[in-house]
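# Understanding the architecture of this molecule
The chain contents come next:
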Amino acid sequence: MDKTITVLLQLSLITPFVMLLIAALVTCGVLRGKPRWPTVAGIALTSLVAVSCLCFFSSRLEQQTYSLTLVNWLALAGESSPQLQIGVLFDPVSLAFYGLISLASLFFLLLSPKSENRPDSESRYSWPLYLSGFSAASGIVLSTGFLELLFFWMILSISLNLLHEVNFQSESAAEPVSRHWWGWNAFSDAMLLLAVFLIHTNFPSLDFVKTLQPAAIQTVLAQNRVALPGIGVTLFLAAVPRLGLFPASALVICNSRPWPGRSLAALNLLAMPVGLFLLIRCAPLLLAIEATRTLILQLAIISTVLTGFSAFSLMRGSDWGRCLSWLAATLTGIIVATLGFSDLEFLTDLLPLIVVQFCVISVLISLVCRQRQQSISEENLPAIRVCLLLLLAAALTDLGIILNPLITASAAATEIRNEVLTWMMLPLVGVYIFGLGRFYFALSRQTTIKSSEQFPTILLWGITGLICLLTIAMLFPLPLVPRFWQTPLMDSASDLFERDWLFFSFYFLSVLVAIILAWMTAPKTTGKPGERTSSSLLQLGETHYHAFSILNKACIQPLNFLVKCVTFLDDWVTTILSRSMLEKLPGFWGKLLSQMQNGQTAFPTLVLIFTMSILIFVLMVLQI
């Protein structure tokens, strides 16, 4: 193996753990300094290694994958017993998630405020804990087998639990904290442990390269038909708490107190990408059985509907951090549902979607942290608006990746249920775009304040330009830029309109409607601090209400008065006529009797007139 390849494989996993050791020594007081700088330096160095690996291996991974064992640890006795080996595996999936976790965390740390209005003695422990979670996430996406993945998965759970505890304990608040993350992380660890046990029981090896081969999966399917469904369900349940899907999202994201900045970043930039990595890595096991695929698809769509509704309901609140968590959970639900619709050939097409979207979310989380501290001044708002607009355009362009697998699934659907589920993805994508657009309009129209803290405008421009460059490289190949994606979007989406013009048109219609609704429902500022006017949609509703009030007073009420007058006149006329008939009726009977005596009226006529008179009399009496 080439020395350059060996060095890159070693540095990819050694760098974050070495910096974690330095950060722990600084936190304990052995080394001088603040824990923030080893954390930022460790993530920056890891990002540099990740970008170097992406540029170096971008053209090499089409032919083969690269793996290297770093440590042989816990070698158990016996030939078939599993051995814990700490190694590194480079393929398109692992490199994409490695770059995503490194760059997203770096963007957040560079743009987030340095302090969170807390003493340094209280917040110093959260920095090494975040770096510990980052190192564990890097170990997960670079793992070579299920046993190594389980080892780093549990380290990530411990890091997340301690990080949340430290952040919430250092904040003084009267209301208690619901610590649901302990239970859900334990549930995730237990499900993954069960899945590893089932895989070890049915497969000869726990390595990804050997286990995920089609021949090995078909062999297990022929020997034990219930093994693959059980493995797929347990793997999906292990990923549910990490992805923020329902019901984990309802208990973890819906915390009674707002999430601190680093906890919010750990939930959205470490846990969710790791959950997506688990599903995409184990996709050959999940998609091998149609029943497992259908279960994952339906649960993902149900969860996306619930999380999207929650994000839509929180749009008028002030806790934008929780709203972003709901949007990220909606995004993961859309990606998991698209994974259920697509085949194995579309797995690599989802990687640029995941990378660009979570990089955009990392920038939004840092802006939310600054908005909480009111550290965005009036001078920085124009640059922030332009950058947010560019990021929104990048996110909208990147979402077009899901069109190809959705149109393919719609064309191959044989049941009405699958066709309905495919079309349900359009409003869900619209809800996610509505959330991003609403965030852009709300943040760019916030009340202007004067802040003494300097905003990193140059870093924001650089990060925005890098995300836009990744999006452009996703569309078509650029000169002097390595090809990070296997197939550019313009090549794969060239004939989508001809394949299904109706689905294609409704997709862009949902995007357009979502942007218009986000613009109409966004609050507008009056230019004075503390004064906000209602949104355009509410103003339109108030205008319609006043218009209907005027129409009611001008037309409907006079018509009601006229109807009442006519009804009163009709009752009066009927009453007068009834009384006059009752007064004249005895005279008619007297004349009739006199004519009967003279023989002028026949008896049948008399009976008919008598019967009708009784009927008329009864009706008149009842009416009076």
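Structure first, text after, so check above.
Described below are features of the structure shown in this document. From a predicted model like this one, the values you see are computed outputs, not experimental measurements.

### Notes on the pattern of salt bridges
- Inspection of the entire model under this criterion finds 4 salt bridges.
- In this structure, the salt-bridge partner of glutamate 415 is arginine 417, at a minimum N-O distance of 3.1 Å.
- The exposure class of glutamate 415 is partly exposed, given its relative accessible area of 39%.

### Section: the packing of helix α3 (residues 92-111) against helix α5 (residues 126-141)
- As a packed pair, α3 and α5 sit with axes 9 Å apart at the nearest point and diverge in direction by 165 degrees. In terms of axis orientation, α3 runs roughly antiparallel to α5. As for the relative orientation of α3 and α5, their crossing is right-handed in sense. For the pair α3 and α5, contact is made by Ser94, Phe97, Tyr98, Ile101, Ser102, Ser105, Phe108 and Leu109 and by Trp127, Tyr130, Phe134, Ala137, Ser138 and Val141, respectively.
- When its residues are assigned to classes, the contact of α3 with α5 shows 10 nonpolar, 4 polar and no charged.

### Some remarks on the environment of phenylalanine 503
- Locating phenylalanine 503 in the fold gives a position in helix α23 (residues 501-521).
- Along the sequence, phenylalanine 503 and threonine 422 sit 81 residues apart, while their C-alpha atoms lie 9.6 Å from each other.
- Sequence-distant contacts of phenylalanine 503, that is, excluding residues within four places in its chain, are made with Leu403, Leu406, Ile407, Thr422, Trp423 and Leu426.

### Comments concerning the packing of aromatic side chains
- Under the counting rule described, the total for this entry stands at 14 aromatic pairs.
- A centroid spacing of 6.4 Å and a plane angle of 45 degrees characterise the contact between phenylalanine 108 and tyrosine 130, whose relative ring orientation is tilted. One end of the pair, phenylalanine 108, is in helix α3; the other, tyrosine 130, is in helix α5, and 22 residues separate them in sequence. Of the two residues, phenylalanine 108 and tyrosine 130, both sit in the buried class.
- An angle of 90 degrees between the planes, with centres 5.3 Å apart, marks the rings of tyrosine 507 and phenylalanine 508 as edge-to-face.
- Given the relative accessible area of 3%, tyrosine 507 is considered buried.
- Through a chain of ring-to-ring contacts, three or more aromatic side chains come together here, namely Phe56, Phe57, Tyr66 and Phe90.

### Regarding the side chain of serine 12
- Considering the arrangement of structural elements, one finds serine 12 in helix α1 (residues 3-28).
- The class for serine 12 is buried, based on a relative accessible area of 0%.
- For serine 12, the residues in contact, after removing those within four places along its chain, are Val49, Val88, Phe90, Tyr98 and Leu142.

### A short note on the state of the cysteines
- Per the stated rule, a full pass over the model turns up 0 disulfides.
- Just so you know, cysteine 53 is unpaired, no disulfide at all, and the nearest cysteine sulfur is the one on cysteine 55, 9.4 Å from it.

### Comments concerning the packing of α3 against helix α16 (residues 350-372)
- The geometry of α3 relative to α16 is characterised by a closest axis approach of 8 Å and an angle of 15 degrees between their N-to-C directions. By the angle class used here, α3 and α16 are roughly parallel. Relative to α16, α3 is oriented so that their crossing is right-handed. Counting all contacts with α3, which are made through Pro92, Val93, Ala96, Phe97, Leu100, Ala104, Phe107, Phe108 and Leu111, the residues of α16 involved are Leu351, Ile354, Val355, Phe358, Cys359, Ser362, Val363, Ile365, Ser366, Cys369 and Arg370.
- When the residues that make up the contact of α3 with α16 are grouped by side-chain class, the tally is 17 nonpolar, 2 polar and 1 charged.

### Considerations on a nonpolar patch on the surface
- Where nonpolar side chains cluster on the molecular surface, the patch consists of Phe497, Trp501, Leu502, Phe506, Leu509, Leu512, Val513, Ile516, Leu517 and Trp519 and spans about 930 Å² of accessible area.
- Among the elements that line the nonpolar patch, the one with the most residues is α23, at 9 residues.
- Within the secondary structure, leucine 512 is located in helix α23.

### What to know about the nonpolar core
- Core analysis: the biggest nonpolar cluster contains 177 residues, and Phe97, Leu285 and Ile467 have the highest contact counts within it.
- The biggest single contributor to this core is α16, with 16 residues.
- When residues no more than four places from it in sequence are discounted, the contact partners of isoleucine 467 are Phe107, Val356, Cys359, Val360, Val363, Leu391 and Ala394.

### Remarks on helix α12 (residues 261-281)
- Under the 1.5 Å per step criterion, the end-to-end length of α12 is 29 Å for 21 residues, consistent within 8% with the ideal 30 Å.
- Among the 21 residues that make up α12, 21 are buried, leaving the element largely enclosed by the rest of the structure.

Thresholds, definitions, all that
- Residues numbered from 1 in each chain as written.
- Predicted model: local features only at pLDDT ≥ 70, side-chain atom pairs only at ≥ 80, totals over all residues.
- Heavy atoms only, no water.
- Salt bridge = Lys/Arg side-chain N within 4 Å of Asp/Glu carboxyl O.
- Buried < 20%, exposed > 50% of the residue type's maximum accessible area, 1.4 Å probe, protein only.
- Axes fitted to C-alpha atoms, helices over the stretch in contact; angles between N-to-C directions.
- Helix = DSSP H or I, 4+ residues; strand = E, 2+ residues; numbered from the N terminus.
- Parallel < 35°, antiparallel > 145°, perpendicular 65-115°, else oblique.
- Left-handed = near helix turned anticlockwise from the far one by under 90°.
- Contact = heavy atoms within 4.5 Å.
- Nonpolar A, V, L, I, M, F, W, Y, C, P; charged D, E, K, R; others polar.
- Phe/Tyr/Trp six-rings, centres within 6.5 Å; stacked < 30°, edge-to-face > 60°.
- Disulfide = S-S within 2.5 Å.
- Patch = residues over 30% accessible without salt bridge, like charges linked within 9 Å, V, L, I, M, F, W, Y side chains within 5 Å.
- Areas by Shrake-Rupley, 256 points an atom, 1.4 Å probe, with all protein chains shown as cover.
- Core = buried A, V, L, I, M, F, W, Y, C linked by side-chain atoms within 4.5 Å.
- Expected span 1.5 Å × (residues − 1).

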